[in-house]
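Residue strings, one per chain:
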Amino acid sequence: MKRHVEFERLHNFRDLGGYRSADGRTVRWGTLYRADSLGKLRDADWERFLGLGIGTVIDLRYPWEIEAKGRVPEAERFRYVNLSIEHRPYDQAEIDPDLDPWRYLADRFAEVTEDGVEEIRQALEVIAQAPGPTVFHCTSGKDRTGLIGAFVLTLLGVQRADILADFALTELATERLAADWRAAHPDRVMRWPSYGRAPAVIMELVLADLEARYGSVPGYLADRVKLSERTTEQLRARLQTGDGEGARRT
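The paragraphs below set out a description of the structure included in this document. (Residues numbered from 1 in each chain as written. Predicted model: local features only at pLDDT ≥ 70, side-chain atom pairs only at ≥ 80, totals over all residues. Heavy atoms only, no water.)

### Examining the packing of helix H5 (residues 144-155) against helix H6 (residues 160-168)
Then comes step 1: Their axes nearest at 10 Å, the elements H5 and H6 cross at an angle of 155°. In this view, H5 runs roughly antiparallel relative to H6, as classed from their interaxial angle. Crossing of H5 against H6: the hand is right-handed. Along its contact with H5, which presents Gly-146, Ala-150, Leu-153 and Thr-154, the element H6 presents Ile-163, Asp-166 and Phe-167.
Then comes step 2: The class makeup of the residues in the contact of H5 with H6 is 4 nonpolar, 2 polar and 1 charged. (Axes fitted to C-alpha atoms, helices over the stretch in contact; angles between N-to-C directions. Helix = DSSP H or I, 4+ residues; strand = E, 2+ residues; numbered from the N terminus. Parallel < 35°, antiparallel > 145°, perpendicular 65-115°, else oblique. Left-handed = near helix turned anticlockwise from the far one by under 90°. Contact = heavy atoms within 4.5 Å. Nonpolar A, V, L, I, M, F, W, Y, C, P; charged D, E, K, R; others polar.)

### Focus on empty space enclosed by the protein
Then comes step 1: Scanning the model with the defined rule gives 2 cavities of 30 Å³ or more in all.
Then comes step 2: Of the volumes computed, that of the largest cavity is approximately 60 Å³.
Then comes step 3: Contributions of two or more residues to the lining of the largest cavity are made by helix H3 (101-115) and H5.
Then comes step 4: Top contributing element to the lining of the largest cavity by residue count: H3, with 3 residues.
Then comes step 5: Its residues assigned to classes, the lining of the largest cavity comprises 4 nonpolar, no polar and 4 charged.
Then comes step 6: Considered as a void within the structure, the second largest cavity measures approximately 30 Å³ in volume.
Then comes step 7: Around the second largest cavity, the lining residues are Ala-106, Phe-109, Ala-110, Thr-113, Val-206, Asp-209, Leu-210 and Arg-213. (1 Å grid on protein atoms, 1.4 Å probe; cavity = no way out; pocket = protein on both sides within 12 Å on 5 of 7 lines; lining within 4 Å. Points joined across faces, edges and corners; volume = space filled by probe spheres on them.)

### Side note on the pattern of salt bridges
Then comes step 1: One pass over the full model with this rule turns up 22 salt bridges.
Then comes step 2: A salt bridge links Asp-166 to Arg-14; its shortest N-O distance comes to 3.5 Å. Taken together, the positions of Asp-166 in helix H6 and Arg-14 in strand S1 (residues 14-15) put the pair 152 residues apart, joining distant regions of the chain. Here the two residues Asp-166 and Arg-14 agree in accessibility, since each one is buried.
Then comes step 3: Across the salt bridge formed by Asp-180 and Lys-40, the nearest N and O atoms sit 3.8 Å from each other. Placement of Asp-180 in helix H7 (residues 174-184) and of Lys-40 in the loop between strand S3 (32-35) and helix H1 (43-50) is noted, with a sequence separation of 140 residues between them.
Then comes step 4: Residue Asp-180 is classed as partly exposed on the basis of its relative accessible area of 33%.
Then comes step 5: You can call Lys-40 buried: its relative accessible area is 17%.
Then comes step 6: Here the salt bridges do not stand alone but share partners, grouping Arg-88, Arg-108, Glu-111 and Asp-115 into one network. (Salt bridge = Lys/Arg side-chain N within 4 Å of Asp/Glu carboxyl O. Buried < 20%, exposed > 50% of the residue type's maximum accessible area, 1.4 Å probe, protein only.)

### Points about the packing of aromatic side chains
Then comes step 1: Following the criterion strictly, the structure yields 13 aromatic pairs and no others.
Then comes step 2: Pairing Trp-102 with Trp-192 gives two aromatic rings, centres 6.2 Å apart and planes at 65°, and the pair type is edge-to-face. Highlighted residues: Trp-102 in helix H3 and Trp-192 in the loop between H7 and helix H8 (200-214), separated in sequence by 90 residues. For the pair Trp-102 and Trp-192, one class covers both residues: buried.
Then comes step 3: Between Trp-181 and Tyr-195 the ring centres are 5.9 Å apart and the planes differ by 50°, which places this aromatic pair in the tilted class. Placement of Trp-181 in helix H7 and of Tyr-195 in the loop between H7 and H8 is noted, with a sequence separation of 14 residues between them. Comparing Trp-181 with Tyr-195 shows no difference in burial state: the two are buried.
Then comes step 4: Taken together, Phe-7, Phe-13, Tyr-33, Trp-46, Phe-49 and Phe-78 form an aromatic cluster joined through their ring pairs.
Then comes step 5: In this structure, Arg-71 packs its charged tip against the face of Tyr-80, placed 4.9 Å from the ring centre. (Phe/Tyr/Trp six-rings, centres within 6.5 Å; stacked < 30°, edge-to-face > 60°. Lys NZ or Arg CZ within 6 Å of the ring centre and 35° of its normal.)

Structure below.
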């Protein structure tokens, strides 16, 4: 199976299937997707998207981002849920080049893990209870999307190395994400040269921070997010298969 779903206008649309858990189970293909902004869908991209059979769309952006950039077309066709997990906006293009960028971004993730607990829990519950294929997304499909993806894979028992590697796959889209930013802001200069980057070290820092504060990532999700064991069981039942399905990642 192919992990990346190719679109003309979307750059970071991926299937989370194929990852193996410690107990030998596999995440189902064609069931859960992560993406950059679906507001860019149109024409052939739209037809390709509809062909995936997605019934639930979780939009992790701020309402003002949706107002400016649009949501998934014909949102009434889907179970569309807007859950803005980030509460303190910042401009990545303006990050001080003299800062340690990965520590800086990990600290912004930490803000999300504290401020956005209600929305994080709801997003995981929607994923667990959705009746069919589901996609969650933000603007670039990188940070907010990456955090939810890491939490889902952690709850499914996927190995840490695969969780970090999945986060870092956004690096394949960095050049196009940066080009989109420049096209949208012709009168601005991108101050931070690493805009659109998503090296594994960022997520490694984020997960280590949660382990230091809460003992483990599942501990954070149970104690701080208040995610129920029932929801975790639903996630596993819906998203995992035990048939030894292959885990090829392309």
